[in-house]
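Chain and residue survey
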Amino acid sequence: MAKVYVFDHPLIQHKLTYIRDKHTGTKEFRELVDEVASLMAFEITRDLPLEEVDVETPVSISKSNVLAGKKLGIVPILRAGLGMVEGMLKLIPAAKVGHVGLYRDPETLQPVEYYVKLPSDVEERDFIVVDPMLATGGSAIEAINSLKKRGAKNIKFMCLIAAPEGVEVFQKAHPDVDIYIAALDEKLNEKGYIVPGLGDAGDRLYGTK
Ligand code: PRP
Ligand code: URA
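How each quantity is defined
- Going along each chain's sequence as written, the residues are numbered from 1 onward.
- All chains are assigned letters beginning with A, and all ligands numbers beginning with 1, in the order in which they are written.
- Predicted model: local features are reported for residues with pLDDT of at least 70 only, side-chain atom pairs are reported and counted for 80 or more only, and whole-chain, interface and lining totals are derived from all residues.
- Water and hydrogen atoms play no part in the side-chain values, which are based on all heavy atoms of the structure.
- Here a helix means four or more residues in a row that DSSP labels H or I, a strand means two or more in a row labelled E, and each is numbered from the N terminus.
- Relative accessibility thresholds used throughout: buried, under 20% of the residue-type maximum; exposed, over 50%; partly exposed, between the two (1.4 Å probe, protein chains only).
- N or O atoms within 3.5 Å of each other form a polar contact, as long as, within protein, one can give a hydrogen and the other can take it, and as long as residues adjacent in sequence are counted only when both atoms are side-chain atoms.
- One heavy atom suffices: a residue is near a molecule or strand as soon as one of its heavy atoms comes within 4 Å of it.
- Exposure was quantified through the Shrake-Rupley algorithm and a 1.4 Å probe, taking into account, for residues, occlusion by the shown protein chains and nothing else.
- Residues are grouped as follows: Ala, Val, Leu, Ile, Met, Phe, Trp, Tyr, Cys and Pro are nonpolar; Asp, Glu, Lys and Arg are charged; every other residue, Gly included, is polar.
- Note on pairing: DSSP must find at least two bridges between two strands before they are called paired.
- What makes a salt bridge here is a side-chain nitrogen of Lys or Arg within 4 Å of a carboxyl oxygen of Asp or Glu, nothing more.
- To get an axis, a line is fitted to the C-alpha atoms, and for a helix only the part in contact is used. The angle between two axes follows their N-to-C directions and goes from 0 to 180 degrees.
- What sets the label is the angle itself: under 35 degrees gives roughly parallel, over 145 gives roughly antiparallel, 65 to 115 gives roughly perpendicular, and the rest give oblique.
- Throughout, a crossing is termed right-handed when the near helix is turned clockwise from the far one, and left-handed when it is turned anticlockwise from it by less than a right angle.
- The contact definition used throughout considers only heavy atoms, calling two residues in contact when any of these lie within 4.5 Å.

Looking at the side chain of aspartate 121
Its place among the elements puts aspartate 121 in the loop between strand E7 (111-117) and strand E8 (126-130). Assessed through its relative accessible area of 16%, aspartate 121 is described here as buried. Here arginine 125 takes part through its side chain, which lies 2.9 Å from a polar atom of the side chain of aspartate 121.

Points about the site of ligand 1
Taken together, 15 residues sit near ligand 1, with Arg104, Asp131, Ala135, Thr136 and Ser139 positioned nearest. Between ligand 1 and aspartate 131, the relevant distance is 2.4 Å, taken from an oxygen atom to a side-chain nitrogen or oxygen of the residue. Contacts to ligand 1 include serine 139, whose side-chain N or O atom sits 2.6 Å from an oxygen atom. The fraction of the free accessible surface of ligand 1 (500 Å²) that becomes covered by protein chains is 90%. Counting residues per element, the ones that place at least two in the shell around ligand 1 are strand E6 (99-104), strand E9 (133-134) and helix H4 (138-149). Counted by class, the shell around ligand 1 contains six nonpolar, five polar and four charged residues.

Focus: the pairing of strand E11 (residues 178-184)
Counted residue by residue, E11 has six buried out of seven residues, so it is predominantly covered. Summarising the sheet, strand E1 (residues 4-6) and E11 pair through three bridges and their orientation is parallel. Bridging from a neighbouring strand, valine 4 pairs with isoleucine 179 of E11. Across six bridges, strand E10 (residues 154-162) lies against E11 in parallel orientation. Across the sheet, lysine 156 pairs through a bridge with aspartate 178, a residue of E11.

Considerations on the pattern of salt bridges
Here the structure, examined in full by the defined rule, presents 14 salt bridges. Among the ionic pairs, aspartate 47 bridges to lysine 156, the shortest N-O distance being 3.2 Å. Here aspartate 47, found in the loop between helix H2 (26-44) and strand E2 (50-56), pairs with lysine 156, found in strand E10; they are 109 residues apart in sequence, far enough to count as distant. Look at the salt bridges and you will find they share partners, linking Lys71, Asp121, Glu124 and Arg125 into a network.

Focus on the site of ligand 2
Close contacts around ligand 2 come from Arg104, Met133, Ala135, Gly192, Tyr193, Ile194, Gly199, Asp200 and Ala201, and that covers them all. Isoleucine 194 places a main-chain nitrogen or oxygen 2.8 Å from an oxygen atom of ligand 2. For ligand 2, the accessible surface in isolation is 240 Å², of which the surrounding protein chains cover 88%.

A word on the packing of H4 against helix H5 (residues 164-173)
In contact at an axis separation of 9 Å, H4 and H5 are set at 20 degrees when each is read in the N-to-C sense. By the angle class used here, H4 and H5 are roughly parallel. Both H4 and H5 take part in a crossing whose hand is right-handed. Each of Ala140, Ile141 and Ile144 in H4 lies in contact with H5, whose residues at this interface are Val169, Phe170 and Ala173. Its residues assigned to classes, the contact of H4 with H5 shows six nonpolar, no polar and no charged.

Concerning the side chain of glutamate 43
Considering the arrangement of structural elements, one finds glutamate 43 in helix H2. Using a relative accessible area of 14% as the deciding quantity, one classes glutamate 43 as buried. Here arginine 46 takes part through its side chain, which lies 3.1 Å from a polar atom of the side chain of glutamate 43. Sequence-distant contacts of glutamate 43, that is, excluding residues within four places in its chain, are made with Phe7, His9 and Ile12.

Everything listed is a geometric property; what it means functionally is a separate question.
Next up, the structure:
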């Protein structure tokens with residue numbers, strides 16, 4: 001069964017409060033999502049493998065660690081996932097970025113795929129799929145289906161806010177994909193929005209309605 005990790009770092013929780021606030025405007029919302037994505041990238045990369053190298057300091061030789069050069073891929077779910085990419089790349093600049101375009105049909109709430117572009121060496125990469133919201137779970141499940149269909153084997157899913165309903169269906173669909181979140185909220189409302197949530201992530205990032 002996939003695990004759910006809640007990043008309860010005080011800086012993440014503080015910034016998430018302002019992201020939720022309906023009085024936070026587009027510019028500030030975008031900046032905060034970027035900052036939280038960086039902080040979450042810091043936490044999610046905790047288990048990256050290291051290798052020991054010799055480094056010559058001005059004083060002597062030190063046995064020191066560097067990243068073991070694991071190939072990473074970040075895959076935002078368009079559109080709102082895009083808001084998390086730059087923040088993650090600040091910490092993981094060597095990662096390649098793929099894109100999966102999905103929108104949620106407002107009537108059926110089912111995800112509709114309209115674009116997929118992934119790095120060519122999909123099978124060799126570890127992927128982090130990002131989207132601010134896991135609501136019914138449909139979009140995240142479909143995005144990960146898309147990656148797996150193309151050969152991805154090692155995948156993590158990272159979002160800001162998840163609904164319990166979405167987490168449950170996601171875990172059934174992808175028991176091998178762990179979920180990393182900043183908050184697990186109360187429920188979904190009748191329109192499929194997360195309560196209390198933050199509203200429509202794409203609209204708040206890009207100033208649309
Ligand atoms: C939002 C959000 C997720 C999806 C979550 O995107 O960014 O991708 O809804 O909902 P789900 O878990 O019920 O599938 P939306 O479909 O509004 O598209 P957008 O990013 O283009 O605005
Ligand atoms: N998508 C969003 O952007 N917000 C929600 O609350 C649910 C789905």
